[in-house]
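Each chain is listed here by its residues.
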Amino acid sequence: MPTVSAHVALTLAQHIDAVFGVMGNGNAYFLDALEKQTDAVFTAVRHEQGAVVAADAHFRASGRIAAGTSTYGAGFTNTITALAEAVQAHVPLVLVVGDEPTSGPRPWDVDQIALASAVGARTYTVGRADAAATTVIAIEHALTYRVPVVLAIPYDVAALEAGDVPEAPSPRLPAPLAPRGEFAEGMLDEIAEALRGAQRPFLLAGRGAWLSGASAALGELAAATGALTASSALGRGVFPDSQYDLGVTGGFGADGAMELIRSADVAVVFGASLNQFTMRFGELFAPGTRVFQIDTAPAATHAHVGGFVRADARLAAEALVARLSPAPTSSPSSPSSPSSPHDFGDSPRHAEAGLGSTGVSSPDSEVVQATGQQTRAGAWRESVDVAAARAYAPGDELAADGRLDPRSAARRIAELLPEDRVVVSDGGHFIGWANMYWPVAAPDRMMMVGTAFQSIGQGWPSVVGAALARRDSTIVLTSGDGGGLMAIADLESAVRAAGGRGMAVVWNDAAYGAEVNLYGLKGLAEGPMRIPEVDFAAFGAAVGAEGVVVRTLADLDRLATWAAEDAATRRFLLLDLRISGDVIAPYQQEIIRVNS
């Protein structure tokens, strides 16, 4: 007869096909049933944190919910940081864990429900009579609220016989949140009117817009309004055309692009939380810019927002397109609307038509034709050099200290990376280099697992989840030496899971770079901030990867030849970049300025 654990495994496998974890006493029966009785794929990781991280990355790369699993006690507590990250990043996943017996805790048990709750994760505990139904409820909760959920199996219940597995309904998902009521409709009318009259319209989109499927509608809206566009770091590539896209906003953005955004007279934000980094600590928009936000949050998420609509990004974008099309014709004395569609960009903001000495004009400057009439929508973006605005500093081959300049290395790597790539990023000072210099095709091809909770050490297991989610793409990890060492146990997991479809770039500056930049510059003792230089190439070779120490740009030629080889026969490639810590990423300079 099937056990309680089998009920969980068999029901879970009807809706989830990827499970990551470490086996222990608390989940042994669950994994036995999963392996023997289902078609779900179990991938072992070497640290329980990696179980949650891999499931997290799997969802970000594919949009399909995955599961992690660990034992009780120490196995469960090892997952807490990764659970907190998934909560903060709004990533749905299910963590199947063992738990204390129903008779009461043992010396090695902890209050797992309280620990999960402390970081924002809900726990569902299965019993002998309701294991299948509870499993469906857990999956539905995760998908509905976009959060990780813990599914606990008490130790003395796990192996109990529970009869035939009952039919359980499929998880029910809520419909997209439509704008409702006269206030929402009235605000959409106001946004449409503002865009219709804008001289320098701008659209900004985040990961929420991508998850809602708003890409096509946002492209239509950008074309209809002649807007320049941009995205948050997690929304890169959400707009279907990059011709008028300014790239990423905030500290990862190019200075020229950020100047253009500050010149926008109307900005509409879709599915972006407008956190302090996206907003450049409040300086993304000029005081004269009218800022509107559309999000599923209960209220506007930044003080600079002047009008808010609570709605799904796609539905709201479609509603705005409907309001703006067909565009009304203008009288000789009134602002004109777009007379024809234009190519649309990747983000929702526009640049100016009036160029001053810096290439942009202020939000309250007027652009006029020789006749005194306002220019048609789209003139702003057609008058600026978007490519030049998006340009970053090329860097030198070597920095003043003789080590590799990370800017030139990032630029060269971008030229050599396989086009069909998915980039996963750990956290640390280095995150600026990939975000600035490595373009990606869509938001599900650049994932920063750890940054929502400001943690490091989640890079290697991210490769595991992404590799299973995107079996035809090259998975590229960008990591620092600090985070790389913290999660080094799952270097083996990454190499095993990705094989020749995987590679890693370790930005090795022999330090916790962010701490050196923030606190070393203030005169604090640097000893705790420094790391003895580690040979990551040798680490990789020890677990079957090909390791290459990179000290000059010429050493990156191996990446060119590797990319040309057959993924089925080549090995995982680990590039150990010996970079200078003296070159500070622009986003970090911004943080230093704010905290100085």
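Each chain carries its own residue numbering, running from 1 in the written order of its sequence. Local features are withheld for residues below a pLDDT of 70 in this predicted model, meaning they are given only at 70 or higher, and side-chain atom pairs are given and counted only at 80 or more; totals for whole chains, interfaces and linings count all residues. The side-chain figures draw on all heavy atoms in the structure; neither hydrogens nor water molecules are used.

### Thoughts on the nonpolar core
Then, number 1: Buried Ala, Val, Leu, Ile, Met, Phe, Trp, Tyr and Cys residues that are joined via side-chain atoms within 4.5 Å together make up what is termed a nonpolar core. In this scheme, a residue with accessible area under 20% of its type's maximum is buried, one over 50% is exposed, and one in between is partly exposed, where area comes from a 1.4 Å probe on protein chains only. Phe20, Phe76, Leu83, Trp460, Val463 and Phe572 are the most contacted members of the largest nonpolar core, which has 56 residues in total.
Then, number 2: Per element, the largest residue contribution to this core is eight residues, and it comes from helix H3 (residues 48–62).
Then, number 3: One finds Val248, Ala409, Ile431 and Leu518 within the second-largest nonpolar core, a separate group that totals 41 residues. Secondary structure follows DSSP: runs of H or I at least 4 residues long count as helices, runs of E at least 2 residues long count as strands, and numbering of each begins at the N terminus.

### Quick notes on the side chain of Thr71
Then, number 1: Assignment of secondary structure puts Thr71 in the loop between strand S3 (67–70) and helix H4 (74–77).
Then, number 2: The class of Thr71 is buried, set by a relative accessible area of 12%.
Then, number 3: In the analysis that follows, any N or O atom pair within 3.5 Å is treated as a polar contact, provided that within protein one partner can donate a hydrogen and the other can accept it, and provided that, for residues neighboring in sequence, both atoms belong to side chains. Side-chain polar atoms of Thr71 contact the backbone nitrogen of Gly26, separated by 2.8 Å.
Then, number 4: Contacts between residues were defined by any pair of non-hydrogen atoms, one from each residue, lying within 4.5 Å. For Thr71, the contacting residues outside a window of four places in its chain are Val22, Gly24, Asn25, Gly26, Asn27, Phe76, Val97 and Gly98.

### A few points about the sheet that holds strand S7 (residues 201–205)
Then, number 1: Across the sheet, six strands lie side by side as S9-S8-S7-S10-S11-S12; this open sheet has parallel pairing. The open sheet is flanked by strand S9 (245–248) and strand S12 (307–310), the only strands paired with a single partner. Recorded for the sheet is a direction-independent mean angle of 15 degrees between the axes of neighbouring strands.
Then, number 2: In short, DSSP must find at least two bridges between two strands for them to pair. The pairing of strand S10 (residues 266–270) with strand S11 (residues 290–295) spans five bridges and is classified as parallel. The convention used is that axes are lines fitted to C-alpha atoms, helices contributing only their stretch in contact, and that angles between N-to-C directions extend from 0 to 180 degrees.

### Quick word on the packing of aromatic side chains
Then, number 1: Stacked, edge-to-face and tilted are the three classes for Phe, Tyr and Trp ring pairs, Trp counted by its six-membered ring, which pair at centre distances within 6.5 Å; planes under 30 degrees apart are stacked, over 60 edge-to-face, the rest tilted. Inspection of the entire model under this criterion finds seven aromatic pairs.
Then, number 2: Where Phe252 meets Tyr587, the ring centres are 5.3 Å apart and the plane angle is 70 degrees; that geometry is what we call edge-to-face. Of this pair, Phe252 sits in the loop between S9 and helix H11 (255–262) while Tyr587 sits in helix H23 (residues 586–595), placing them 335 residues apart in sequence. The residues Phe252 and Tyr587 share a single accessibility class, namely buried.
Then, number 3: Look at Tyr392 and Tyr437: their rings are 5.4 Å apart centre to centre, the planes differ by 45 degrees, and that puts the pair in the tilted class. A residue pair is termed long-range when its members are at least 10 positions apart, and Tyr392 in the loop between helix H14 (386–389) and helix H15 (406–416) and Tyr437 in helix H16 (residues 431–437) qualify at 45 residues.
Then, number 4: Accessibility expressed as a relative area gives 23% for Tyr392, which makes it partly exposed.
Then, number 5: Taking the relative accessible area as the measure of exposure, Tyr437 reaches 10% and is therefore buried.
Then, number 6: The rule is short: NZ of Lys or CZ of Arg within 6 Å of the ring centre and within 35 degrees of the ring normal puts a charge over the ring. Positioned above the aromatic ring of Tyr72 is the side chain of Arg106, whose terminal nitrogen or guanidinium carbon lies 4.4 Å from the ring centre.
Then, number 7: Lying across the ring of Trp562, Arg570 places its NZ or CZ 3.7 Å from the centre.

### Details of unusual backbone geometry
Then, number 1: Despite not being glycine, Phe281 shows a phi value in the positive range, around 55 degrees.
Then, number 2: Within the secondary structure, Phe281 sits in the loop between S10 and S11.
Then, number 3: Look at Phe281 and you get partly exposed, because its relative accessible area is 23%.
Then, number 4: In the Ramachandran plot, Ala510 falls in the positive-phi region, its phi being about 55 degrees despite a non-glycine side chain.
Then, number 5: Relative to the assigned elements, Ala510 resides in the loop between strand S16 (502–508) and helix H20 (513–518).
Then, number 6: In this structure Ala510 comes out as buried when scored by relative accessible area, which is 15%.

### Structural notes on the pattern of salt bridges
Then, number 1: Criterion for a salt bridge: a side-chain nitrogen of Lys or Arg within 4 Å of a carboxyl oxygen of Asp or Glu. Per the counting criterion, the structure on display carries 26 salt bridges.
Then, number 2: Of the charged contacts, one joins Arg60 and Asp56 as a salt bridge, the two residues approaching to 2.5 Å between their closest N and O atoms. Residue Arg60 and its partner Asp56 are both found in helix H3; the two are separated by four residues, about one turn of the helix.
Then, number 3: Residue Arg60 is classed as buried on the basis of its relative accessible area, which comes to 8%.
Then, number 4: A salt bridge links Arg593 to Glu283; the nearest nitrogen and oxygen atoms lie 3.7 Å apart. Taken together, the positions of Arg593 in helix H23 and Glu283 in the loop between S10 and S11 put the pair 310 residues apart, joining distant regions of the chain.
Then, number 5: Under the relative-accessibility criterion, Arg593 is labelled partly exposed at 43%.
Then, number 6: Bridged by salt links that share partners, the residues Arg403, Glu533, Asp535, Asp576 and Arg578 form one connected network.

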